Amino acid sequence: MIITTAADQAETAIWDPDEITITVQGGTHPHDLIRELAALLADLGAPTTTSTGSGLACFCGDPITIPHEAYAAGPL
């Protein structure tokens, strides 16, 4: 799964099943972005994490990397 950014997107995160991507709104606050991505990934069947700082995982189990340009306040 690939995470991409878009500056002109109304929603924080949108799943595209055809491209197997999630497009995120560029400049989103990190807390909002991670919360939205975690909810979207959970809806897709990704494992949920219970520990802080463990990162996000794809529904296939692979770790998710969020592009730096997606963060308004810089990387976490």
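What you are looking at is a predicted structure, and each value in this text was computed from that prediction instead of being measured.

Undergrad: Quick rundown of the overall build of the protein? Include the residues and the values.
TA: Looking only at helices and strands, one finds 1 helix and 3 strands in the protein. Secondary structure elements of the protein, listed N to C terminal, follow the sequence β-β-β-α. Out of the 76 residues belonging to the protein, those deemed buried represent 32%. Contacts spanning at least 24 positions in sequence make up 38% of the contacts within the protein whose residues lie at least 6 apart. For the protein, the accessible area works out to roughly 4,700 Å², and carbon and sulfur atoms hold 51% of it.

Undergrad: I'd like a rundown of the pattern of salt bridges, residues and numbers included.
TA: Under the definition given, this model contains 1 salt bridge. For the salt bridge of Asp32 with Arg35, the shortest nitrogen-to-oxygen distance reads 2.5 Å. Of this pair, Asp32 and Arg35 are both found in helix H1 (residues 30–43), 3 residues apart, which corresponds to roughly one turn of the helix. The exposure class of Asp32 is partly exposed, given its relative accessible area of 32%.

Undergrad: Describe the pairing of strand E3 (residues 21–25), with residues and values.
TA: If a strand is regular, its side chains alternate between the two faces of the sheet. For E3, the buried fraction is high: 4 of the 5 residues fall into the buried class. Bridge count between strand E1 (residues 2–6) and E3: 5 bridges; the pairing is parallel. When the sheet's bridge partners are listed, Thr5 is paired in E3 with Val24. With 4 bridges connecting them, strand E2 (residues 13–16) and E3 associate as antiparallel partners. By the bridge assignment for E3, Asp16 is matched with Thr21.

Undergrad: So, H1: which residues are in play, and what are the values?
TA: End to end, H1 covers 20 Å across 14 residues, agreeing with the expected 20 Å (1.5 Å per residue, within 8%). Of the residues making up H1, those classed as buried are Pro30, Leu33, Leu37, Leu40 and Leu41. Across the axial projection of H1, the buried residues extend over an arc of 105°, all falling on one side. Set apart from the buried face of H1 by more than 90 degrees, the exposed residues are His31, Arg35 and Asp43. Contacts from the buried residues of H1 go to E1, E2 and E3. Positive phi shows up at Gly45, right after H1, with a value of about 100°.

Undergrad: Explain the nonpolar core to me, and be specific about the residues and the numbers.
TA: In a soluble, globular protein the nonpolar side chains are often hidden away together inside. One finds Ile22, Val24, Leu33, Leu37 and Ile66 to be the most contacted residues of the largest nonpolar core, which totals 15 residues. Looking at this core, the elements with two or more residues in it are E3 and H1. Per element, the largest residue contribution to this core is 4 residues, and it comes from H1. In this structure, Ile66 is in contact with Leu33, Ile34, Leu37, Leu56 and Tyr71, ignoring residues within four places of it in sequence.

Reading the values: rules and limits
Residues numbered from 1 in each chain as written. Predicted model: local features only at pLDDT ≥ 70, side-chain atom pairs only at ≥ 80, totals over all residues. Heavy atoms only, no water. Helix = DSSP H or I, 4+ residues; strand = E, 2+ residues; numbered from the N terminus. Buried < 20%, exposed > 50% of the residue type's maximum accessible area, 1.4 Å probe, protein only. Contact = heavy atoms within 4.5 Å. Areas by Shrake-Rupley, 256 points an atom, 1.4 Å probe, with all protein chains shown as cover. Salt bridge = Lys/Arg side-chain N within 4 Å of Asp/Glu carboxyl O. Pairing = 2+ DSSP bridges. Expected span 1.5 Å × (residues − 1). Arc of directions from axis to C-beta. Core = buried A, V, L, I, M, F, W, Y, C linked by side-chain atoms within 4.5 Å.

Function-wise, these values are silent; they only describe arrangement.
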